[in-house]
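Structural characterization, general
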Amino acid sequence: MKVAVISGITGQDGAYLAQLLTEQNYKVVGLTRSSHNFSKKNFLYLGIKSEIIIEECDLLDFSSIIKILLKYKPDEFYNLAAQSSVGISFEQPIGTLNYNTQSVLNILESVRILNLGTRIYQASSSEMFGRVQSLPVNELTPLHPLSPYAISKASAYWIGINYRESYKVFCVNGILFNHESHLRGANFFVKKVIRTSLEIKHGRANELRVGNIDVKRDFGYAPDYVKAMWLSLQQEKADDYLICSGTSIFLRDIIYYTFDSLNLSRALIVEDPALFRPIDMDDMYGDNTKAKEQLGWDYSRSFFDVLDLLIEEEDQNYRR
Ligand code: NAP
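Below is a summary of the structure that appears in this document. (Residues numbered from 1 in each chain as written. Predicted model: local features only at pLDDT ≥ 70, side-chain atom pairs only at ≥ 80, totals over all residues. Heavy atoms only, no water.)

1. Describing the sheet that holds strand β2 (residues 27–32)
Taken in spatial order, the 7 strands of this open sheet run β3-β2-β1-β4-β5-β6-β11, and their pairing is parallel. The sheet is open, and its two borders are formed by β3 (53–56) and β11 (240–243), each paired with just one other strand. For this sheet, the mean angle separating the axes of adjacent strands, direction not counted, is 20°. Note that strand β5 (residues 119–125) and strand β6 (residues 171–176) share 6 bridges and pair parallel. Directly across from Y121, in β6, lies its bridge partner V172. Sitting on the sheet, helix α1 (residues 12–23) is in contact with β1 (3–7), β2, β4 (76–79) and β6, with an inclination near 170° to β1. (Pairing = 2+ DSSP bridges. Helix = DSSP H or I, 4+ residues; strand = E, 2+ residues; numbered from the N terminus. Axes fitted to C-alpha atoms, helices over the stretch in contact; angles between N-to-C directions. Contact = heavy atoms within 4.5 Å.)

Below you can see the structure in the form of structure tokens.
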């Protein structure tokens, strides 16, 4: 039986990946910063509560990681833990940079020292590309990050490559573009739009307050994207892969689509300059050819179809 460690197990991707790996008969060890405050919410939702071993592990503490590696000798380590919000990173730049880079360095250094052959997946982000000269971006596009979050992910990305090239540690950077699901954190755009729209529909909110919605992003469906994470660690050689849908849509169109689906008036959309980011990318989408050809990853969903799924699921769960 293969053993996989997943950090950030309580997050959206952690839960879907845990579900995928348990279905494939992995022994899954999930790491959380605090077992005291550990939330079973996502596991209960996906019906996977009993199979996962939960361990408290502070990824900023080198010895905590060493203990986990020695105890479980994992075949695979999926590093999904991070302060993952771009918006919060502008409010907490130091915390974001410290956590998102030091944690990765600690994992790689532990794996290198113990030499257990553990394969590492590092959750990199399309935000690393930032200001680009041309679209779509691919694995060779230079990085020009525009937020503390993006800088932290770019730094972690290069740390991963450095350990791969210098020490032959099997480290894959999966460069993921926005991907959504019912389990997405409430502060993220798509979840916030759908949730607030339902609240308006049921008389519990008066308006949807948003920042700059005249930007375009490449959005996908989280359960499909975690499959690419797993595929990337099954290859002979460690490499970097862009995981994306291949097209971008305006945030404004996501709101209009959701409002129209729920018969809400567009007059209830409030664009608030206070919510604008200090700097933002106008458009971002990627080329997923390498992931499709080399990993055999399959993705062809339109994001409007994904929105239909998410609106329906949120509606069903609204009163629970
Ligand atoms: P998420 O829902 O925000 O979950 C991240 C997890 O990291 C949390 O559940 C938390 O678990 C842990 N964590 C550790 N340190 C943290 C800190 N300082 N602040 C907040 N949480 C912290 O993220 P996700 O959407 O599943 O994404 C997984 C990974 O992919 C992240 O590294 C993210 O940056 C990256 N990524 C995501 C997307 C996307 O669209 N979802 C796109 C590109 C890259 P505990 O509290 O239990 O420790």
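2. Focus on the nonpolar core
The biggest cluster of nonpolar side chains holds 65 residues, and the ones touching the most others in it are I6, L17, L21, Y78, Y121, I243 and W297. Broken down by element, this core gets its largest block of residues, 7 residues, from helix α8 (residues 222–232). If you count residues domain by domain, this core takes at least three from each of domain 1 (3–179 + 219–243) and domain 2 (185–218 + 247–284 + 301–318). In this structure, I243 is in contact with I175, L176, F177, Y225, A228, A291, L295 and W297, ignoring residues within four places of it in sequence. With 23 residues, the next largest nonpolar core counts V5, L31, L69 and A156 among its residues. (Core = buried A, V, L, I, M, F, W, Y, C linked by side-chain atoms within 4.5 Å. Buried < 20%, exposed > 50% of the residue type's maximum accessible area, 1.4 Å probe, protein only. Domains from an automatic or database assignment.)

3. Let's talk about the packing of aromatic side chains
Scanning the entire structure with this criterion turns up 9 aromatic pairs. Between Y225 and Y299, the ring centres sit 5.3 Å apart and the planes meet at 80°, which makes this aromatic pair edge-to-face. Taken together, the residues span a long stretch of sequence, with Y225 in helix α8 and Y299 in the loop between α10 (289–295) and α11 (303–317) at a distance of 74 residues. For Y225, a relative accessible area of 0% corresponds to the buried category. Take Y299: its relative accessible area is 3%, and that puts it in the buried class. Aromatic ring contacts, followed pair by pair, group Y225, W297 and Y299 into a single cluster. Sitting over the ring of Y167, R112 keeps its end group 4.5 Å from the ring centre. Taking NZ or CZ as reference, R184 lies 3.9 Å from the ring centre of F188, over its face. (Phe/Tyr/Trp six-rings, centres within 6.5 Å; stacked < 30°, edge-to-face > 60°. Lys NZ or Arg CZ within 6 Å of the ring centre and 35° of its normal.)

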